[in-house]
Amino acid sequence: MNLHRKAGTTADGPFELVVTPESAGWGYSGLRVLDLDGTETITTGGAETLVLPLSGRGSVEVDGEKFDLAGRTGVFDAVTDFAYLPRDAEATITGTGRFALPAAKTGKRLPARYGPATDVPVELRGAGNCSRQVNNYCLPHTFDADQLLVCEVLTPGGNWSSYPPHKHDEARDGESELEEIYYFEVVGGGMGYQRVYGTDERPIDVLAEVRSGDVVLIPHGWHGPSMATPGYDLYYLNVMAGPGQERAWLICDDPAHGWVRQTWDSQDVDARLPFGGTR
C-alpha cells in the first residue's frame, strides 16, 4: 500500500487532493482539498464533512442554511471558522481559496452547523524543541460530531511534533482505534519528515520526506516524530475516524520513548508560539 501520496498525485477535477476510505484501503477517514475560484457543488455521501478554509474565504449553502466563512490568508496566520456538513447532503461552496474537506463515514445524520473561530481551543503542547501548537477544531470536547476528529498541528522550524511516538490502533482501556490522515504544508517550499513504524505482529515502515500538499496515511502503528527542518515551519491537518461506538481520541505512547514527556517540565515553551497571535 502506498502510504505517502505526493502533492498532485490524487488530484481529481477541482480537487487537488482526494483520499477516500476506498482509495486508502480502510473504512472511515477521508479528505479532499478544494481549489476554488467561484462556485462548486459537492456531495457528502455517507460521510460527515467539514469545510475548513486553508486559505481564502467563502460561503457554504446546505440544507437551507448559509454559513459565511471569514477564513484566513494561510494556515500559519490564524485559526479559521468552518462549517459542518451532515452525511447525505449537497452543499454549494462559493469563494476563492483552498478548502480542506475532512470527512468520516457515519450512520448518523446530525444538523449542519457553523463553527466560529473564537470557539476553537488553541493548545501549546510540549516544550523546548518539542513545542508545537494544536488547533482543536472537531474533537469530543470542542465540537459535536458522530465519528469525525479534526485538528491542526503547527511546528516551528527545527522542532519535532507527534512526539513521543504514539499509536491508536486498538480498542482497549486508554486507547481507541482510529485511522489517521496527515496533510502537510511547509513554509517557503521547504520540507519536513514523517516517521511511522509498527510491531512484529503488525509491521509498517514509513520515513517520508513531506512537502506542501503531501499526505501520509496511518492505518496503524506508532507515528512520530513529525520533523520540521530548520528554517521551515511545518503544518499538518489531522483527520481521524474509526469503528468505535464512542467518539474518542485516546493514544498510547511507545514505552521506549514516553519518558521524553518528563523532560518538558524543566523547559519553556518555544517563544515562537503561538503562530499568528497572542496566547
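Report follows, based on the coordinates. This structure is a prediction, so every number in the text was calculated from the model and none was measured.

Cut-offs applied
- Residue numbering note: each chain is counted from 1, following its sequence as written.
- Per-residue local features are limited, in this predicted model, to residues with pLDDT of at least 70; the limit for side-chain atom pairs, both in listing and counting, is 80 or more; totals at the level of whole chains, interfaces and linings are taken over all residues.
- Remark: hydrogens and water are excluded; side-chain values derive from all non-hydrogen atoms of the structure.
- A run of H or I in DSSP counts as a helix once it spans at least four residues, and a run of E counts as a strand once it spans at least two, with each numbered from the N terminus.
- Atoms counted for the radius of gyration: C-alpha only. Globule rule: 2.2 Å times the number of residues to the power 0.38.
- For every residue, the accessible area (1.4 Å probe, protein chains only) is compared with the maximum for its type, and the residue is labelled buried under 20%, exposed over 50%, or partly exposed between those bounds.
- Contacts are assigned to residue pairs with any non-hydrogen atoms lying within 4.5 Å of each other.
- Any carboxyl oxygen of Asp or Glu that lies within 4 Å of a side-chain nitrogen of Lys or Arg is treated as forming a salt bridge with it.
- If DSSP finds at least two bridges between two strands, the strands pair.
- Polar contacts, as counted here, are pairs of nitrogen or oxygen atoms within 3.5 Å of one another; within protein the pair requires one atom able to donate a hydrogen and one able to accept it, and residues that are adjacent in sequence qualify only if both atoms are side-chain atoms.
- When the sulfur atoms of two cysteines come within 2.5 Å, that pair is taken as a disulfide.

1. Notes on the overall build of the chain
Here comes step 1: Along its length, the chain carries two helices and 22 strands.
Here comes step 2: A globule of 279 residues ought to have a C-alpha radius of gyration of about 19 Å, and the chain, at 18 Å, matches this closely.
Here comes step 3: The dimensions of the chain, computed from C-alpha atoms along their principal axes, are 50 × 40 × 35 Å.
Here comes step 4: Relative to its full complement of 279 residues, the chain shows a buried share of 57%.
Here comes step 5: Across the chain, contacts joining residues at least 24 apart in sequence account for 73% of those joining residues at least 6 apart.

2. Description of the side chain of S161
Here comes step 1: Within the secondary structure layout, S161 lies in strand 12 (residues 160-161).
Here comes step 2: Setting aside anything within four residues of it in sequence, one finds S161 in contact with R132, V153, T155, P225, S226 and Y236.

3. Description of the side chain of N159
Here comes step 1: The residue N159 is located in the loop between strand 11 (149-155) and strand 12 in this model.
Here comes step 2: Taking relative accessible area as the criterion, N159 reaches 3% and is therefore assigned buried.
Here comes step 3: What N159 contacts, discounting residues up to four positions off in sequence, is G128, N129, S131, S226, M227, A228, D270 and R272.

4. Focus on the pattern of salt bridges
Here comes step 1: Using the criterion set out here, one finds 18 salt bridges in the structure.
Here comes step 2: Measuring nitrogen to oxygen at the nearest pair gives 2.9 Å for the salt bridge that ties R98 to E185. In this pair, R98 is assigned in strand 7 (residues 90-105) and E185 in strand 16 (residues 179-186), connecting sequence segments 87 residues apart.
Here comes step 3: With relative accessibility at 18%, the residue R98 sits in the buried group.

5. As for the pairing of strand 10 (residues 132-138)
Here comes step 1: Burial analysis of strand 10 places seven of its seven residues in the buried class, the great majority of the element.
Here comes step 2: Taken together, the four bridges between strand 9 (residues 122-125) and strand 10 define a ladder with antiparallel strand orientation. Bridge pairing in strand 10 links L124 to Q133.
Here comes step 3: Linkage of strand 9 to strand 10, two consecutive antiparallel strands, is achieved through a turn of six residues, within which G126 is found at a positive phi near 75°.
Here comes step 4: With four bridges joining them, strand 10 and strand 11 adopt antiparallel strand pairing. Paired with V134 across the two strands is V153, which belongs to strand 11.

6. Details of the sheet that holds strand 16
Here comes step 1: Pairing is antiparallel across the open sheet formed by seven strands, whose spatial order is 1-19-16-21-11-10-9. The sheet is open, and its two edges are formed by strand 1 (4-5) and strand 9, each paired on a single side.

7. Observations concerning the environment of E209
Here comes step 1: Of note, E209 is situated in strand 18 (residues 205-210).
Here comes step 2: Through-space distance from the C-alpha of E209 to that of L234 is 12 Å; in sequence the pair is 25 residues apart.
Here comes step 3: Filtering out sequence-adjacent residues up to four positions away, E209 remains in contact with H4, M191, G192, Y193 and D214.
Here comes step 4: A distance of 3.3 Å separates a polar atom in the side chain of E209 from a polar atom in the side chain of Y193.
Here comes step 5: Within polar-contact distance, the side chain of E209 engages the side chain of R211 at 3.1 Å.

8. Things to note about unusual backbone geometry
Here comes step 1: A cis amide bond, omega 5°, links Y163 with the succeeding residue P164.
Here comes step 2: Take P164: it is sitting in the loop between strand 12 and strand 13 (166-167).
Here comes step 3: G224 connects to P225 through a cis peptide bond whose omega is 5°.
Here comes step 4: Here the phi dihedral of D63 falls at roughly 50°; this positive angle occurs in a residue that is not glycine.
Here comes step 5: Topologically, D63 is positioned in the loop between strand 4 (47-62) and strand 5 (65-72).
Here comes step 6: The backbone of D88 shows a phi angle near 55°, a positive value even though the residue is not glycine.

9. As for the state of the cysteines
Here comes step 1: Across all of its chains, the model carries zero disulfides by this definition.
Here comes step 2: Left without a disulfide partner, C151 is nearest to the cysteine sulfur of C138, which lies 10 Å away.

Shape descriptors only; they carry no functional weight alone.
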